[in-house]
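# Fold and contact review
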Amino acid sequence: MRRSNLPAELNRFVGRTTEQAALTALLTASRLVTVVGVGGVGKTRLALRTAADVQKRYGDGVRLAGLAPLRDPALIEYALVEALGLTDHTPRPPREVLLEHLAERRTLLVVDGFEHLVEHCAPLVRELLEHAPGLTVLATGRRPLRVTGEAVFALAPLSEAEAVELLAERAAEAGAPGLPGTAGADTAARLGAEALTGAPARPGAAPTDLPGRGAASPSHPGDGDAVREVCRRLDGIPLALELAAGRLPLLSVEQLLRRLDDRFRLLADGTRGVLPRHRTLRTAIGWSHELCTPEERLLWARLSVFPGAFDLEAVEYVCGGPELPPERILDLLGGLLAQSLLVRDDTPAGTAYRMLDTVAAYGAEWLAALDDTERMRRRHRDWYMGLATWCELEWYSPRQPEVAVLTEAALPHLRAALDLCLEQPEDAHLAQHLAGTLWFAWVGCGRLSEGRHWLDRALALASGHEEARLKALWVLGYVAVLQGDGTAAVAALHECRERAEASRNALAQAYATHRMGCLALLTDDMPRAEELIGRALDAYRELGELNSNVLMAQVELAMARAFLGDREGAGALSREVREVCEERGELWTKAYALYVLGYLAWAGGAYGEARELLTECVSINDGFRDLVGLVLAVELLALVTVSEGDPVEAAVLQGAAVPVWDAVGVRLFGSEAFDVPRALCARRAEEALGAEAYGAAFREGRGLSAAQAVERALLAGRSPAVGRSAEGSAPRPFRTAGPARVPGTRKPAGSPTGQGGEAAG
């Protein structure tokens, strides 16, 4: 995991030297600093720049948690867990996970956009600070948290000189007249200022003013006063200045000022015509709104339903219609982008766009005025339900890594879709369907805890749709099994099986039987595991079911047979799964087949082959954030390492596995069978090293971060001590590669199919 998840700056940071120095000093003196100010004043930008500059102070890194997209206060803790890069598979509350992780670490946590959740956020921040002495929190919002020890930093607008510099810089970036397109940042600012104070218009540009005001005329040197007047009228608020700069390629400064005069005259308070700063920003946004075309204004309003970054395909479906033909959407997005109303992000999932919170809030008001909010929220939900269905289908395909990346990018939208489904009792079946459809995200992408949250909430409602409920039940059982919560697993799977029998749903029965067999496997009842999983596989074959779940059942059957001593049968099953996975491009289940084959290779004395198999297994599981598969492979790699004659490295790997198991839940599921590699490795390594040396190496491994543990596992056995080249590079997990190619064949689907979706995945 990187020490920081702060986003890269997309343009030059202008001004704020004094404020940044003061904020840096406050972070030295206080463990909770809250930057407050009106919307658009630059709170987030200043906080991120300051956090980036001081990150060397914090040995365990700087992490950003953005809370603005959240609606449900219960998700605050999950958002912080995600921001810290944690993957927790236990049924523990996420608050407990946070407290444990931060207790001994020196971390700077940036909490951005908390004001709408302040009543729930403040107690959490207080508790984290009380239990984690090395934690510092830098928060941004329009109001303080009101937590004891909080240092409040009130951020004022830019000074006049800084405001002029920002306006000039952003105008140059927008392509204001007379600016060469290849100037550097400083030169661009200078040339932008020159353009604002008298540079000739760009050839071919013929902007027009409001009707009756005549055509645009070139600016003159005296317009420097007009530039300063624009900055004063906009109160030096950065967002307002950036919106104004987006118009300067089309308007002269005088035209810009006249338009501002007209709008401010209508809204001025008092005889002196002074606007409160929050109304100044609102006026600037409203002015930008007026300058948009009717289609751009409508798109702006509809985009407000997206709680996070969105891609073109989503916008075309959600926002398109008779008034906004889908083929017009790209051009309209370009128009909003050119006016600084949208920001473009290049993400691992591809090109995405996002709207600043203040701008989105204005659009949401217009959408409400059009009485179209609920319809647009439903369209948003329908698109992401369709996306989830597509992802489930493509999970069993060569696109599996892309699905993992895409699902992570879509998480804010999937949460919003689930929230909407849960708001309306008549949509309970949609909540159950969506929570069940996302099984691959909960199980395969390391989100068991959040999956449990949504599944529990969805199943607490009576839906009247048996298909959706049955799927959610077996998925809940699966999640609970992996969390080590046998009681909840048995309850969910028993209900699923009974209801499936009553409704004659053979496929749901097969899934419930399969997961009961999985529970037996992890609780050392190998004969029962072999029986139940075998019965489920027979049913799958009879029903024509083949997907990642079915292949995983074969791997689990192979595990049971290996533990029962049938290594030949276990090997045959695992090789068959690996072959099918390689034909289909499926990686997640393949990793578990590699684990079994690695175990069998070690048992046969083929240590080099075992290492090769397990190294690939570690790499795949790390890419999917699958801690269960990852930690099993690391423990087995430790046994291979000690068998190759390197007890020190084996002890380090064993120690590195401990915090991963803490995140998974019950250590080795409480299973004696799964504990055999660990116990055997520990005995051999301690015999070779002695208790003291073994303990020292073990403690070294326990101190490694998850990312360091993975790196160590991938490099283990490459040192000269075990006869391998120390050079060369270990294979890297797929998620560290460049941006995934996001497929363009998704189809929106807003409701469950009659088949319940179990055949997918």
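Refer to the structure above for everything that follows.
The text that follows walks through the structure, step by step, so that each part is easy to find. Because the structure is predicted, anything quoted here is derived from the model rather than measured.

### Details of the packing of helix 16 (residues 373-395) against helix 18 (residues 411-423)
- In contact at an axis separation of 9 Å, helix 16 and helix 18 are set at 120° when each is read in the N-to-C sense. With respect to helix 18, the element helix 16 is oriented oblique. At the point where helix 16 passes helix 18, the crossing takes the left-handed sense. On helix 18, the residues that touch Glu374, Arg377, Arg378, His380, Arg381, Tyr384, Met385 and Ala388 of helix 16 are His413, Leu414, Ala416, Ala417, Leu420, Cys421 and Glu423.
- Of the residues in the contact of helix 16 with helix 18, the class split is 8 nonpolar, 2 polar and 5 charged.

### A short note on the environment of alanine 122
- By secondary structure assignment, the location of alanine 122 is in helix 5 (residues 118-131).
- Along the backbone, alanine 122 and threonine 148 are 26 residues apart, and their C-alpha atoms lie at a distance of 10.0 Å.
- Not counting chain neighbours up to four residues away, the residues in contact with alanine 122 comprise Leu145 and Val147.

### Some remarks on unusual backbone geometry
- Even without being a glycine, arginine 16 presents a positive backbone phi close to 65°.
- By the element assignment, arginine 16 lies in the segment before helix 1 (17-29).
- In this structure, aspartate 371 is a non-glycine residue whose phi angle is positive, near 55°.
- Given a relative accessible area of 70%, aspartate 371 falls into the exposed group.

### Topic: the packing of aromatic side chains
- Inspection of the entire model under this criterion finds 15 aromatic pairs.
- Judged by centre distance (5.6 Å) and plane angle (35°), the rings of tryptophan 395 and phenylalanine 440 are tilted. Pair noted here: tryptophan 395 is in helix 16 and phenylalanine 440 is in helix 20 (residues 439-444), with a separation of 45 residues, a long-range link. Phenylalanine 440 matches tryptophan 395 in its accessibility class, with the two residues each being buried.
- Ring centres of tryptophan 439 and tryptophan 588 lie 6.1 Å apart, and the angle between their planes is 55°; on these two criteria the pair is classed as tilted.

### Examining helix 1
- The end-to-end C-alpha distance of helix 1, which contains 13 residues, comes to 19 Å, matching closely the 18 Å that a straight helix rising 1.5 Å per residue would cover.
- Buried residues of helix 1: Glu19, Gln20, Leu23, Thr24 and Leu27, and no others. For helix 1, the buried positions fall inside an angular range of 135° around the axis, keeping them on one side. Of the exposed residues in helix 1, the ones pointing more than 90 degrees away from its buried face are Thr17, Thr18, Thr28 and Ala29.
- Turning to helix 1, the residues buried within the fold contact strand 1 (32-36), helix 2 (43-54), strand 3 (107-112), strand 4 (135-141) and strand 5 (150-154).

### Points about the pairing of strand 1
- By the criterion of burial, strand 1 is predominantly enclosed, with 5 of the 5 residues buried.
- By the alternation rule, side chains of strand 1 split into Leu32, Thr34 and Val36 and Val33 and Val35, which are all buried.
- Where strand 1 meets strand 4, 5 bridges bridge the pair, whose relative direction is parallel. By the bridge assignment for strand 4, leucine 32 is matched with valine 137.
- Sheet topology places strand 1 next to strand 5; 5 bridges connect them, and they run parallel. Each bridged residue has a counterpart across the sheet, and for valine 33 the counterpart in strand 5 is alanine 151.

### A closer look at the sheet that holds strand 5
- Reading across from one edge, 2-3-4-1-5 is the order of the 5 strands in this open sheet, with parallel pairing throughout. Since the sheet does not close on itself, it has two edges, and those belong to strand 2 (62-66) and strand 5, each with one partner. For this sheet, the mean angle separating the axes of adjacent strands, direction not counted, is 20°.
- Against the sheet, helix 5 makes contact with strand 1, strand 3 and strand 4, and its axis sits at roughly 160° relative to strand 4, the strand it touches most.

### Some details on the side chain of glutamate 556
- Mapped onto the fold, glutamate 556 is located in helix 26 (residues 548-563).
- Not counting residues up to four positions away in its chain, the partners in contact with glutamate 556 are His514, Arg515, Cys518, Leu521 and Ile533.

### Observations concerning the pairing of strand 6 (residues 343-347)
- Bridge count between strand 6 and strand 7 (residues 350-354): 5 bridges; the pairing is antiparallel. When the sheet's bridge partners are listed, aspartate 345 is paired in strand 7 with alanine 352.
- Linking strand 6 to strand 7, which pair antiparallel, is a turn of 2 residues.

### Overview of the packing of helix 22 (residues 466-482) against helix 24 (residues 506-522)
- At their nearest, the axes of helix 22 and helix 24 sit 10 Å apart, and the two run at 10° to each other. As the angle between them shows, helix 22 and helix 24 are arranged roughly parallel. Listed contacts from helix 24 to Leu470, Trp474, Tyr478 and Val481 of helix 22 are Ala508, Tyr511, Ala512, Arg515, Cys518, Leu519 and Leu522.
- The residue inventory of the contact of helix 22 with helix 24, partitioned by class, reads 10 nonpolar, no polar and 1 charged.

Reading guide: rules and limits
Sequence order sets the numbering: in each chain, residues are counted from 1 along the sequence as written. Whole-chain, interface and lining totals are the exception, using all residues; otherwise, since this is a predicted model, local features are given only for residues with pLDDT of at least 70 and side-chain atom pairs are given and counted only at 80 or more. The side-chain values count all of the structure's non-hydrogen atoms but skip hydrogen atoms and water molecules. Only C-alpha atoms enter the line fits that serve as axes; for helices the fit covers just the stretch in contact. Angles between N-to-C directions range over 0 to 180 degrees. Every helix listed is a DSSP run of H or I at least four residues long, and every strand listed is a run of E at least two residues long, numbered separately from the N terminus. Orientation is classified from the angle alone, with under 35 degrees giving roughly parallel, over 145 giving roughly antiparallel, 65 to 115 giving roughly perpendicular, and any other angle giving oblique. Each crossing gets its handedness from the near helix: less than a right angle anticlockwise from the far helix is left-handed, clockwise is right-handed. By definition in these notes, contact holds between two residues if any of their heavy atoms fall within 4.5 Å. All residues other than Ala, Val, Leu, Ile, Met, Phe, Trp, Tyr, Cys, Pro, Asp, Glu, Lys and Arg, Gly among them, are scored as polar; the first ten of these are nonpolar and the last four charged. Any residue under 20% of the maximum accessible area for its type is buried, any over 50% is exposed, and the rest in between are partly exposed; the area is computed with a 1.4 Å probe on protein chains only. Each aromatic pair joins two rings of Phe, Tyr and Trp (for Trp, the six-membered one) with centres within 6.5 Å, and gets the label stacked for planes under 30 degrees apart, edge-to-face for over 60, and tilted for any other angle. Given the number of residues in a helix, its expected span is that number minus one, multiplied by 1.5 Å. Each direction from the helix axis to a C-beta atom contributes to the arc, which is the arc of those directions. Strand pairing requires that DSSP identify at least two bridges connecting the strands.

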